[in-house]
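# Results of the structural survey
Now for the letters of each chain:
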Amino acid sequence: MTEIRFSGFGGQGIIRCGLIAGKALALFDNKHSTMTQSFGPEARGSACSSQLVVSDDRVLYPYITIPEILISMSQEAYDKYETELRNDGILIIDKDLVKPKPLRGKIKMYAIPSTRFAEELGNRIFANLVMMGFFTAITKIVSPEAMKKALPGLVPDRFLDLNIKAFDMGYDYGEKILKEKKQRKT
Amino acid sequence: MKKEDQLEEKNPIEDLLRMDRIPHIWCPGCGIGTVVTSFIEALKKSKLDLDKVVVVSGIGCTGRVAGYVKLDSFHTTHGRAVPFATGLKLANPELNVVVFSGDGDIAGIGGNHFIHAARRNMDITIICVNNFNYAMTGGQVAATTPLGANASTAPYGNFEFPFSLPYLADAAGATYIARWTALHLRRVTKSIQEALSRRGFSFIEVITPCVTLYARRNRLGDGLNLLKYYYDNSEIHHGADTRTLDISYQGKLVVGKFVDKEKPTFLDAMNEHLGKVLGDKYVLYGRINDDRD
Amino acid sequence: MKKVKADPKGVLTGSHYLDGDHSLAEGGLAAGCRFFAGYPITPSTETAERFSERIPTVGGVFIQMEDELGSIAALIGASWAGKKVMTVTSGPGFSLMMENIGLACMMETPIVIANVQRGGPSTGLPTLTGQQDMMQARWGSHGDYEIIALSPDSPQECFDLTIEAFNLAEMFRVPTFVMTDECIGHMHEKVVIPPAEEIELVERKWYTGPKEKYLPYKPDKDLVPFMIKAGDGYRFHTTGLTRDERGYPVINAECQDVCVRHLVDKINKNADKIIKLKEEEIDNAEIIVISYGITSRVAIKAVQKARKAGIKVGTLRLITVWPFPEKRIKELAKKIKAFVFPEINCGQVVLEVERCSWGQTQVIHVPHCGGWVHNPDDIFNAIKEAAK
């Protein structure tokens, strides 16, 4: 079982991230996934989040407790949620938007300038898809094929191609970083 | 006994009454029965398929109408006759739905439903019997009680400003609005006929005597005295500005047909709008062959 | 009972990733619901939104009423005009619907109401979960009557049990509730919608005999009277007053006895046909954890832990909460050491378990005031305590 939190600020498409990954896992990767999100006044402020519980068996407890993956696309979200990340968890951030503290425990951090990449594609609204591609490459929790299959219905039809492009951009960057890390180790 | 001295055996409207429920519960001198008679006459004169006419009442003296007319009839809860009727009409647009209820039911507890059904131009007819008080429960003050009139919960006289129902209906968007008294029976019949033949939200207020409670508490005499009051004080003024229709205690009663206009009904607007926006994907709903205006 | 296949127009066959609220709407559409009247209220609004979006291409009406009093009144009217009808609401709106739930019971009108429960009382926790309206569903309107209430544990069951609710409402001419909650309502999971031909629907018990012999409230053998609809030429009457078989008001104790006894018996005497439970590892159990809705999933976590600790625990999930499975609980009470009953309230359905246990066994309630689901450890500790 894996618990994941996607976080950022309102308007970045954070809820969408949870939906895309959750749908990909449940419909195309043969996993069980339960997606929840914060509602109401507490969800309106600047820190916005969606949560995903992924499992081979049925998810019983619907909420995350101690997430092992945290994706943060804003400083405030990072500040709010970093403390709950598991000691050996994975932290994924937008390089330009989050200034991380020194890493604690065995937490591994991966950073991507997702918003800048999206701007290169023409609009920063694609930052979440860049981030999703990156997340897919780094964590291997979900397959990139499933992620792409999950997009129709969750992104506007006319932007489907651009969203896939954004996803690929993030995914390739993730693969590149993993390769570099491996090379550095050997 | 000579034949001409015998009482007529059959009430001329008895085929549309539930005779197995007669005698009714209304007091001698009450005006509700006369409005029912007008309603049935209007139905008979109309070309409507009476199997498709449905009567919905709420609670109160007039609320009992649904129980006496031999049509599909629903005696619902206090104030909810209008939304109940809305459900009937929308679920089967072929039905001609008539709400028959009192001022307390329609403009008091059900006031919110009333204005919203008018706003939507729901295709129903409302016959509102206004006797200036809550009679079923013993003559309490109502949203229609004239200033100064006495009621069991306004024992020192009413100091709340009452609603003028035609003005309220007009402001909310009703497309047919008339007001009469229990004295104007032929005109009530004609108005009901007209309302039934119009598409849209039709509202007819009929001011009626409540002899047992309102009249007695206010020492206004019996039914005959009240009809005399209507006779002396009614002014027929078709097309009157609905802002001028306030009723003061024992004052002038402006009656007539005030509004008669056309506007798309809820279903017309729904079909037109969704058809335009959704094109072929839209499944047209409940468009019926309707020979009404 | 006449069964028919679902109309493919309303069935969105396929695998979807949906939250409970959206699944309620899909369940309704698949069940043939073609009239929805509602009023926005968190956390149930998404159901109304989905219905308003989907119904124009299916054929039917969505209307946003001026309040919940209007919604439920419109529902009863529409049901009598022959449509399958539903609405959705949450605590405060549910409270406003209570009077006309009684009218629907008295008029024996099939309607489906989904309540996406939130924490109460009053405005309470609009965006957070609760299971605090369970007794209100049962007793909320004045007078004596019986209703049916189902409790889904997932978005999938929001779909499945809404169809079931329609079938039961039509079968028994009674308001039927889908008592879900904010957690499930807002939780996305995989929802599989089968092909229309695999969805079996119960058709309303339409009267087909001679018109002049029709009596709206004459019970059939199964205690459920035949129904007709407005506009079919029966010129029938119905009322919220105590009434006889003709639907005519009769205001005395004798008629009241026949009328009310019928409303109660219709459900209670058919309880075995209505009630659905899910039991697991009951046979050798010393402790049985009873639960419903979202809590039943959380409870399994605790049960798994308890089994690892060597405690013999079985589970009983109330898919049908009302009518309450009295017979089964009485039977089990004789065999076990204790019932453990977590629910997100301060003690509601547990009272029924206590009543049915008749002092034969311990009943340990695990209360939660709402706002979140139980911590599984709280349930585990109760199981441990019970096993001592």
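Note that the coordinates shown come from a computational prediction; the quantities given were computed from them, not determined experimentally. (Residues numbered from 1 in each chain as written. Chains lettered and ligands numbered in written order. Predicted model: local features only at pLDDT ≥ 70, side-chain atom pairs only at ≥ 80, totals over all residues.)

### So, the overall build of chain C
Secondary structure assignment for chain C yields 13 helices and 18 strands. Relative to its length of 388 residues, chain C is compact, with a C-alpha radius of gyration of 21 Å against a globular reference of 21 Å. Dimensions of chain C, computed from the C-alpha atoms along their principal axes, are close to 65 × 50 × 40 Å. Relative to its full complement of 388 residues, chain C shows a buried share of 61%. Excluding contacts between residues fewer than 6 apart, the proportion of contacts in chain C whose partners are at least 24 apart in sequence is 77%. (Helix = DSSP H or I, 4+ residues; strand = E, 2+ residues; numbered from the N terminus. Rg over C-alpha atoms; globule rule 2.2 N^0.38 Å. Buried ≥ 20, exposed ≤ 12 C-beta atoms within 10 Å, placed from the backbone. Contact = placed C-beta atoms within 7 Å.)

### A few points about the overall build of chain A
A count of helical and extended segments in chain A gives 7 helices and 6 strands. In terms of C-alpha radius of gyration, chain A reaches 15 Å, essentially the compact-globule figure of 16 Å for 186 residues. Reported as C-alpha extents along the three principal axes, the dimensions of chain A are approximately 40 × 40 × 35 Å. The buried share among the 186 residues of chain A stands at 51%. Across chain A, contacts joining residues at least 24 apart in sequence account for 60% of those joining residues at least 6 apart.

### As for the nonpolar core
In this structure, Val-130 of chain A, Val-56, Leu-88 and Ile-127 of chain B together with Val-340 and Ile-383 of chain C are the most contacted members of the largest nonpolar core, which totals 272 residues. Each of domain 1 (3-202) and domain 2 (277-387) of chain C gives at least three residues to this core. Ignoring any residue separated from it by four or fewer positions in sequence, one finds Ile-383 of chain C in contact with Ile-287, Val-289, Ala-302, Ala-306, Ile-311, Val-313 and Val-340 of chain C. (Core = buried A, V, L, I, M, F, W, Y, C linked by C-beta atoms within 7 Å. Domains from an automatic or database assignment.)

### Structural notes on the interface of chain C and chain A
Facing the 17 residues of chain C at the interface are 14 residues of chain A. Only β2 (14-19), β7 (125-129), β10 (188-193) and α10 (294-308) of chain C provide two or more residues apiece to the side of chain C that touches chain A. No other element matches α10 of chain C, which puts 4 residues into the side of chain C that touches chain A. Tallied by class, residues from the side of chain C that touches chain A come to 9 nonpolar, 4 polar and 4 charged. (Nonpolar A, V, L, I, M, F, W, Y, C, P; charged D, E, K, R; others polar.)

### What to know about the sheet that holds strand β2 (residues 72-75) of chain B
Spatial ordering of the open sheet is given by β7(B)-β8(B)-β5(B)-β6(B)-β4(B)-β3(B)-β1(B)-β2(B)-β12(C), a layout of 9 strands whose pairing is mixed. Each end of this open sheet is capped by a strand with a single partner; those strands are β7 (234-236) of chain B together with β12 (237-239) of chain C. Each adjacent strand pair in this sheet contributes to an overall mean axis angle of 15°, direction not counted. Bridge analysis of strand β3 (residues 96-102) of chain B against strand β4 (residues 125-130) of chain B gives 5 bridges, and the strand direction is parallel. Each bridged residue has a counterpart across the sheet, and for Phe-100 of chain B the counterpart in β4 of chain B is Ile-127 of chain B. Contacting β1 (53-57), β2 and β3 of chain B, helix α3 (residues 81-91) of chain B runs over the sheet at an angle of about 175° to β3 of chain B. On the sheet, helix α7 (residues 185-197) of chain B packs against β3, β4, β5 (176-181), β6 (202-207) and β8 (253-260) of chain B and is oriented at approximately 165° with respect to β5 of chain B. (Pairing = 2+ DSSP bridges. Axes fitted to C-alpha atoms, helices over the stretch in contact; angles between N-to-C directions.)

### Some thoughts on the sheet that holds strand β14 (residues 287-291) of chain C
All names here are of chain C. Read across the open sheet, the 5 strands follow the order β13-β15-β14-β17-β18; overall the sheet is mixed. Lying at the two open borders of the sheet, with one neighbouring strand each, are β13 (277-280) and β18 (362-367). Neighbour-to-neighbour, the strand axes of the sheet open up by a mean angle of 20°, direction not taken into account. In this sheet, strand β15 (residues 313-318) lies alongside β13 in antiparallel orientation, the contact comprising 4 bridges. Pairing of Glu-280 across the sheet is with Thr-315, part of β15. Each of β14, β15 and β17 (338-343) is contacted by α10, which is oriented at about 175° to β15, the strand it contacts most. Here helix α13 (residues 376-387) sits on the sheet and contacts β14, β15, β17 and β18; the angle it forms with β18, its principal contact strand, is near 165°.

### With respect to the domain arrangement of chain C
Residues and elements named next belong to chain C. Domain annotation of chain C identifies domain 1 (3-202) and domain 2 (277-387). On a C-alpha basis, the centres of domain 1 and domain 2 stand 27 Å from each other. In this assembly, 24 residues from domain 1 lie in contact with 21 residues from domain 2. When contributions to the side of domain 1 that touches domain 2 are tallied by element, the ones reaching two or more residues are β7, α5 (134-139), β8 (148-150), β9 (175-181) and α7 (182-185). Residue contributions to the side of domain 1 that touches domain 2 peak at 4 residues, all from α5.

### A closer look at the environment of Gly-223 of chain B
All names here are of chain B. Within the element layout of this structure, Gly-223 appears in helix α9 (residues 223-233). Distance in space between the C-alpha atoms of Gly-223 and Gly-29 is 4.8 Å, their sequence separation being 194 residues. Leave out the neighbours within four places in its chain, and Gly-223 touches Gly-29, Pro-209 and Val-211.

### Quick notes on the environment of Leu-129 of chain A
All names here are of chain A. Positionally, Leu-129 belongs in helix α5 (residues 127-139). The buried category is assigned to Leu-129, around which 31 C-beta atoms lie within 10 Å. Separated by 116 residues in sequence, Leu-129 and Gly-13 have C-alpha atoms that sit 8.7 Å apart. If near-sequence neighbours (up to four positions away) are discounted, Leu-129 is found in contact with Asn-163, Ala-166, Phe-167 and Gly-170.

### Looking at the pairing of β2 of chain B
Side-chain direction in a regular strand flips from residue to residue, so the side chains alternate between the two faces of the sheet. Across the two faces of β2 of chain B the burial is the same, with Asp-72 and Phe-74 of chain B and Ser-73 and His-75 of chain B all buried. Taken together, the 4 bridges between β1 of chain B and β2 of chain B define a ladder with parallel strand orientation. In the strand pairing of β2 of chain B, Val-55 of chain B is matched with Ser-73 of chain B. Of the pairings in the sheet, the one linking β2 of chain B to β12 of chain C comprises 3 bridges and is parallel in character. Following the sheet pairing, His-75 of chain B is matched in β12 of chain C by Thr-239 of chain C.

### Things to note about the pairing of β15 of chain C
Residue and element names in this part refer to chain C. Within β15, 6 of the 6 residues are buried, which leaves it mostly tucked inside the rest of the structure. Neither face of β15 is exposed, since Val-313, Thr-315 and Arg-317 on one face and Gly-314, Leu-316 and Leu-318 on the opposite face are all buried. Pairing of β14 with β15 involves 5 bridges; the strand directions are parallel. Along β15, the bridge assignment pairs Ile-287 with Val-313. What joins β14 to β15 is α10, and the crossover it makes is right-handed. (Right-handed = clockwise from strand over helix to strand, strands pointing away.)

### Here we look at the interface of chain B and chain C
Contacts between chain B and chain C engage 36 residues on the former and 40 residues on the latter. Those elements that place two or more of their residues in the side of chain B that touches chain C are α2 (65-68), β2, α3, α5 (111-119) and α10 (266-278) of chain B. When residues of the side of chain B that touches chain C are assigned to their parent elements, the largest contribution, 8 residues, is made by α3 of chain B. Of the residues assigned to the side of chain B that touches chain C, the class counts are 16 nonpolar, 11 polar and 9 charged.

### Focus: the packing of α5 of chain A against helix α7 (residues 160-185) of chain A
Residues and elements named next belong to chain A. With their axes 6 Å apart at the nearest point, α5 and α7 run at an angle of 40° to one another. When the axes of α5 and α7 are compared, the crossing they make is right-handed. In this structure, α5 uses Leu-129, Val-130, Met-131, Met-132, Gly-133, Phe-134, Thr-136, Ala-137 and Ile-138 to contact α7, whose residues at the interface are Asn-163, Ala-166, Phe-167, Asp-168, Met-169, Gly-170, Tyr-171, Tyr-173, Gly-174, Glu-175 and Leu-178. Looking at the contact of α5 with α7, its residues break down into 13 nonpolar, 5 polar and 2 charged. (Left-handed = near helix turned anticlockwise from the far one by under 90°.)

### Things to note about the arrangement of the chains
Where the 2 pairs of chains in contact are concerned, the greatest contact count is recorded for chains B and C. Spatially, chain A is disjoint from chain B: no contact exists, and the shortest C-alpha separation is 17 Å.

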